[in-house]
Amino acid sequence: MTRRPARHDPVEERLPPWRMLVCGLQHVLVIYAGVISVPLIFGAALGLGPAQLVLLVNASILTSGVATLIQTLGVGPFGARLPLIQASSFIALPPMMMIARDYDLPTAYGAVIGAGLATCVLAPFASRLARFFPPVVIGSVITVVGLSLMPAAANWLGGGRPGDPGFGAPAHLLLGFATLALTLLITARASGTGRTLAILLGLAGGAAIGVLTGQADFGAVRQVAWVALPPILPFGRPAFHIAPILIMTVAMMVILVETTGNCLAVSRLAGRAAGRDVLTRTYAADGLSTLLGGLFGGTPYNAFAQNTGLIALTGIRSRFVVATAGGLMVAMGLFPRLGAAIACLPRPVLGGSAILMFGMTAMAGIQDLARVRLGGGSGGGSGALVPAVAIGAGILPMACPTLFAHLPGPLRIMTGSGVFLAAFSAVSLNLLLSSGTAAEVEADDGDDPATLSTPLT
């Protein structure tokens, strides 16, 4: 009997070293803007100094690399063993900033560590919880995430914080809008890799304009060491409180729904079925990576959607290529001067880019809502109640930060989170109206319900 040759598995393919390196670097470049944006936003919103910003940026780069290695190569029950690249999630950013302001940084990182541990424990059950987060819920929450980040973009655009000398000066506004215009021009005119790097190229162009106009100074980069290991617990011993951990765990549940969409998309491209066991390992890797990130000054992680697009574009589906990208990010995280150069970017440059990034975050949520029949059921449009109430409730803490100031501590911290209010309102109302008046997913296009949530980067 003639033996059939073993079927080629593109996920297990090992390319020549030079090609592995080039393809891995391409993955890093595509997601790099997302990797550095979250720590920059977090640090700037809390008024951290340059040295602390450098620390946050390098920690984010390094831990994103470690998270990618866990997801691609696997460690015991952790990791999908698929070409999934991990980086900091915008979804966890608003609750992290709110916890750090209301408590302190040790409590914020204690919440991240606690949420990471909770995700590891909940991973086997998380796929069953996905039904509580249909597109109408995820769309509402992600829309609130984008909107709640806009005040940070406005502060950057003005050059700092309201009340600072020179805040809102015409020179700051011009630099910020020039950066935005340059990014939009690259997005509109470029193609292929150039378009995927639009944010990164826009930041570089804005920085160049800042240098020419005297608004940027990179002299501090020379004072930073070339190579250094990031410290463990850079902001001191973490503090653990129930309410902050609960809020971050809710944010992680939303992140897992987004991870599900990216995992299923990559598995289809790779020609592999992603069953419940694969999703469990994927979720557990998200939890472990988030726990490790909290120890080094990083943030919660999720699988990035740009990676999915790049795999579809190049046709290279090897998990070892993406693992190489993870290794490159680990190496980059060991060079503090790289983080120092990023931390020296003028605030208006970041503000110009943030308008686009945060606006696209909100649009990702709106796209999810566009896939839902908000007027379905006998209630004559009652399905729209879910996003209407959820988005309205989520915006309350941003519209009036002192609204819940007189509530007891744990309740105040929860009601002060727009993401928590939006998620709680959306899940509760969706369950209440699920008898037929709730919003229903448009099913004409044959989409898998698990992938209806628009990937957010």
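Our subject is the structure that appears above.
All values derive from a computational prediction rather than experimental measurement. (Residues numbered from 1 in each chain as written. Predicted model: local features only at pLDDT ≥ 70, side-chain atom pairs only at ≥ 80, totals over all residues. Heavy atoms only, no water.)

S.K.: Got a minute to help me understand the overall build of the protein in this structure?
M.R.: Of the regular secondary structure elements, the protein holds 17 helices and four strands. Counting only residues that meet the buried cut, the protein has 54% of its 457 residues in that class. Intrachain contacts of the protein at a sequence separation of at least 6 include 84% that bridge at least 24 residues. (Helix = DSSP H or I, 4+ residues; strand = E, 2+ residues; numbered from the N terminus. Buried < 20%, exposed > 50% of the residue type's maximum accessible area, 1.4 Å probe, protein only. Contact = heavy atoms within 4.5 Å.)

S.K.: Would you mind showing me how to read the packing of helix α15 (residues 385–399) against helix α17 (residues 418–432) here?
M.R.: How two helices pack is summed up by the angle between their axes together with the distance between the axes. The geometry of α15 relative to α17 is characterised by a closest axis approach of 7 Å and an angle of 160° between their N-to-C directions. Viewed along their axes, α15 and α17 adopt a mutual orientation that is roughly antiparallel. In this structure, the crossing between α15 and α17 has a hand that is right-handed. On α17, the residues that touch L385, V386, V389, A390, A393, G394 and P397 of α15 are G418, L421, A422, S425, A426, L429 and N430. Counted by class, the contact of α15 with α17 contains ten nonpolar, four polar and no charged residues. (Axes fitted to C-alpha atoms, helices over the stretch in contact; angles between N-to-C directions. Parallel < 35°, antiparallel > 145°, perpendicular 65-115°, else oblique. Left-handed = near helix turned anticlockwise from the far one by under 90°. Nonpolar A, V, L, I, M, F, W, Y, C, P; charged D, E, K, R; others polar.)

S.K.: Can you walk me through the pattern of salt bridges in this structure?
M.R.: Where charged atoms from two side chains of opposite charge come close, those side chains can pair. In the structure shown here, the tally under the stated rule is two salt bridges. For the salt bridge of R319 with E12, the shortest nitrogen-to-oxygen distance reads 3.0 Å. With R319 in helix α12 (residues 319–333) and E12 in the segment before α1 (17–45), this pair connects stretches of sequence that are 307 residues apart. Judged by relative accessible area, which is 11%, R319 ranks as buried. We classify E12 as partly exposed; its relative accessible area is 29%. (Salt bridge = Lys/Arg side-chain N within 4 Å of Asp/Glu carboxyl O.)

S.K.: Quick question: what am I supposed to make of unusual backbone geometry here?
M.R.: Of note in the backbone geometry, R81 takes a positive phi value of approximately 60° without being a glycine. Although it is not a glycine, L233 adopts a positive phi angle of roughly 50°. Counting through the fold element by element, L233 comes out in the loop between α8 (198–212) and α9 (242–270).

S.K.: Sorry, what's going on with the packing of helix α5 (residues 135–158) against α17 here?
M.R.: Put simply, α5 and α17 touch, their axes get as near as 9 Å, and they point 160° apart. Here α5 is positioned roughly antiparallel relative to α17, judged by the angle of their axes. Between α5 and α17 lies a crossing whose hand is right-handed. Along the contact surface, α5 presents V136, V137, S140, V141, V144 and V145, while α17 presents G418, V419, A422, A423, A426, V427 and N430. Among the residues forming the contact of α5 with α17, the class breakdown is ten nonpolar, three polar and no charged.

S.K.: Would you mind going over the environment of P244 with me for this structure?
M.R.: Of note, P244 is situated in helix α9. Between the C-alpha atoms of P244 and A111, which are 133 residues apart in sequence, the distance is 5.5 Å.

S.K.: Help me understand the environment of P134 in this model?
M.R.: Mapped onto the secondary structure, P134 falls in the loop between α4 (105–129) and α5. When the C-alpha atoms of P134 and V427 are compared, they prove to be 8.8 Å apart, with 293 residues separating the residues in sequence.

S.K.: How should I be thinking about the packing of aromatic side chains in this particular structure?
M.R.: Both the distance between ring centres and the angle between the ring planes are used here to describe each pair of aromatic rings. Applying the stated rule across the entire model yields two aromatic pairs. Their ring planes at 90° and their centres at 6.2 Å tell us that F42 and Y109 sit as a pair that is edge-to-face. Highlighted residues: F42 in helix α1 and Y109 in helix α4, separated in sequence by 67 residues. For the pair F42 and Y109, one class covers both residues: buried. Here the aromatic rings of Y109 and F235 are separated by 5.5 Å at their centres, their planes lie at 10°, and the arrangement is stacked. One end of the pair, Y109, is in helix α4; the other, F235, is in the loop between α8 and α9, with 126 residues separating them in the sequence. Each member of the pair, Y109 as well as F235, is classed as buried. Clustering of aromatic rings is evident, with ring pairs tying together F42, Y109 and F235. (Phe/Tyr/Trp six-rings, centres within 6.5 Å; stacked < 30°, edge-to-face > 60°.)

S.K.: Would you mind going over helix α10 (residues 276–296) with me for this structure?
M.R.: Structural remark: α-helix, 3.6 residues per turn; residues separated by three or four positions point the same way. Taking 1.5 Å as the rise per residue, α10 with 21 residues should run 30 Å; its terminal C-alpha atoms sit 30 Å apart, in good agreement. Buried residues dominate α10, accounting for 15 of its 21 residues. Note on α10: the residue one or two positions beyond its end, G297, has a positive phi of about 95°. (Expected span 1.5 Å × (residues − 1).)

S.K.: Would you explain α12 in this entry?
M.R.: Relative to the 21 Å expected for 15 residues at 1.5 Å per residue, α12 spans 21 Å between its end C-alpha atoms, a close match to the ideal helical length. Within α12, burial applies to R319, F320, V321, V322, A323, A325, G326, M329 and G333. With a side-chain oxygen positioned 3.1 Å from the backbone nitrogen of F320, the residue opening α12 is S318. (Polar contact = N/O pair within 3.5 Å; in protein donor to acceptor, adjacent residues only side chain to side chain.)

S.K.: Help me understand the environment of S417, please; the structure alone is not making it clear to me.
M.R.: Counting through the fold element by element, S417 comes out in the loop between α16 (409–415) and α17. For the pair S417 and S148, spaced 269 residues apart in the sequence, the C-alpha separation amounts to 9.5 Å. If we skip the residues at most four places from it in the chain, S417 touches P95, M98, I247 and P397.

S.K.: What is the right way to look at a nonpolar patch on the surface in this model?
M.R.: Together, W226, V227, F335 and L338 make up a nonpolar patch on the protein surface, roughly 410 Å² of accessible area in all. Its location among the elements puts L338 in helix α13 (residues 336–343). (Patch = residues over 30% accessible without salt bridge, like charges linked within 9 Å, V, L, I, M, F, W, Y side chains within 5 Å. Areas by Shrake-Rupley, 256 points an atom, 1.4 Å probe, with all protein chains shown as cover.)

S.K.: I tried to follow the side chain of T179 on my own but got confused; where do I start?
M.R.: For T179, the location among the structural elements is in helix α6 (residues 170–189). Relative accessible area serves as the criterion here: at 0%, T179 is assigned to the buried category. Residues contacting T179, with those up to four places away along its chain left out, are G202, G206, V349 and S353.

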